Amino acid sequence: MPGFREAGLLGAAFAATGGVAYVFWRYLSSREHEEKVKAGTVGEQPLFTEVRSASKQVLVLGLDGAGKTSVLHCLATGTVKNSASPTEGFNAVCINKEDTQIEFIEIGGSESLRTYWNMYLSKAQVLVYVVDAADPDRFPLAKKHLHELIREDSYLPLVVLGNKQDLQGACSIMELHDALSLDEVGDERKLYIIGTHVRKSDSEVPSSVQDARELITQLVTERK
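Residues numbered from 1 in each chain as written. Predicted model: local features only at pLDDT ≥ 70, side-chain atom pairs only at ≥ 80, totals over all residues. Heavy atoms only, no water.

(A) Local environment of the overall build of the protein chain. For the protein chain, the count of helices and strands is 5 helices and 10 strands. Counting all 224 residues of the protein chain, 50% fall into the buried class. Residue pairs at least 24 apart in sequence account for 74% of intrachain contacts in the protein chain once pairs closer than 6 positions are excluded. Total accessible area on the protein chain is roughly 11100 Å²; 48% of this is exposed by carbon and sulfur atoms. (Helix = DSSP H or I, 4+ residues; strand = E, 2+ residues; numbered from the N terminus. Buried < 20%, exposed > 50% of the residue type's maximum accessible area, 1.4 Å probe, protein only. Contact = heavy atoms within 4.5 Å. Areas by Shrake-Rupley, 256 points an atom, 1.4 Å probe, with all protein chains shown as cover.)

(B) Layout of unusual backbone geometry. Even without glycine at this site, Lys164 takes up a positive phi of about 65°. In this model, Ser181 sits at a positive phi of 50°, which is unusual for a non-glycine residue. Topologically, Ser181 is positioned in the loop between helix 4 (173-179) and strand 10 (191-195). With a relative accessible area of 10%, Ser181 lands in the buried category.

(C) View of the side chain of Gln165. Among the structural elements, Gln165 can be located in the loop between strand 9 (158-163) and helix 4. In terms of polar contacts, Gln165 uses its side chain to reach the backbone carbonyl oxygen of Cys171, at 3.2 Å. (Polar contact = N/O pair within 3.5 Å; in protein donor to acceptor, adjacent residues only side chain to side chain.)

(D) Structural context of the nonpolar core. Ranked by internal contacts, the top residues of the largest apolar core, which has 30 residues, are Leu59, Leu127, Tyr129, Leu158 and Val160. Ranked by residue count, the leading element in this core is helix 3 (residues 139-150), at 5 residues. For Tyr129, the contacting residues outside a window of four places in its chain are Leu61, Gly62, Trp117, Ala142, His145, Leu146, Leu149, Leu158, Val159, Val160 and Leu161. Counting 24 residues, the second largest nonpolar core, distinct from the first, contains Ile95, Val130, Ala212 and Val220. (Core = buried A, V, L, I, M, F, W, Y, C linked by side-chain atoms within 4.5 Å.)

(E) Molecular detail of the pattern of salt bridges. This model, assessed by the stated rule, comprises 5 salt bridges. In this structure, the salt-bridge partner of Asp64 is Arg114, at a minimum N-O distance of 3.2 Å. Remark: Arg114 occurs in helix 2 (residues 111-114) and Asp64 occurs in the loop between strand 5 (56-61) and helix 1 (68-77); sequence separation between them is 50 residues. Residue classification places Asp64 among the partly exposed positions, given a relative accessible area of 33%. (Salt bridge = Lys/Arg side-chain N within 4 Å of Asp/Glu carboxyl O.)

(F) Here's a closer look at the environment of Asn91. Tracing the sequence through the fold places Asn91 in strand 6 (residues 90-97). Residue classification places Asn91 among the buried positions, given a relative accessible area of 5%. Each C-alpha atom, one on Asn91 and one on Gly108, is 8.3 Å from the other, the two residues being 17 residues apart in sequence.

Read these as geometric descriptors, not functional statements.
Here it is, written out as structure tokens:
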């Protein structure tokens with residue numbers, strides 16, 4: 001990737017290309033939360049129920065099997081969910097961060113549900129796109145849907161989660177960046193990539209997911 005520069009700092013690698021800022025977060029980060037989740041709810045709801053809330057919304061999308069629901073459970077409850085069924089409609093997860101309430105809206109990633117993704121995009125403060133980093137055969141499809149989404153709003157912040165980094169053969173953040181052609185997302189957009197993983201055997205929420213929550217919270221509070 002021409003013009004790419006990498007420098008290590010606190011377990012994260014920072015780089016800049018053109019007008020787009022990239023932050024590559026590694027799950028080796030050991031930074032702790034300054035405060036725990038004050039409150040959280042997780043509940044699957046019918047797809048066609050309109051979400052009406054005064055909270056700021058974060059839209060969480062990705063192909064089926066990417067691990068979206070497991071990540072959301074960690075964000076909301078601070079615990080690892082032993083099992084998670086495929087989302088048939090959407091999941092709503094609310095957390096309170098200081099004086100801001102953030103509502104995560106996850107829509108199922110099956111083929112029949114992807115057509116509804118755009119319906120929820122207009123109210124989103126941040127788009128979180130989860131990709132199974134251990135399934136490169138689906139990268140082209142994930143790329144296709146991602147670029148269709150980001151065409152709707154050239155300023156909407158984008159956080160890409162390269163999930164399942166703990167699995168053998170999982171692609172690195174750099175490889176995922178290239179596979180999804182993230183250099184084409186536009187110079188006006190804030191773009192972040194985080195390598196995440198959530199194992200059923202984990203007793204604590206991985207630091208990568210903690211980092212993701214802190215980053216997303218910061219992006220939401222910055223948006224007016």
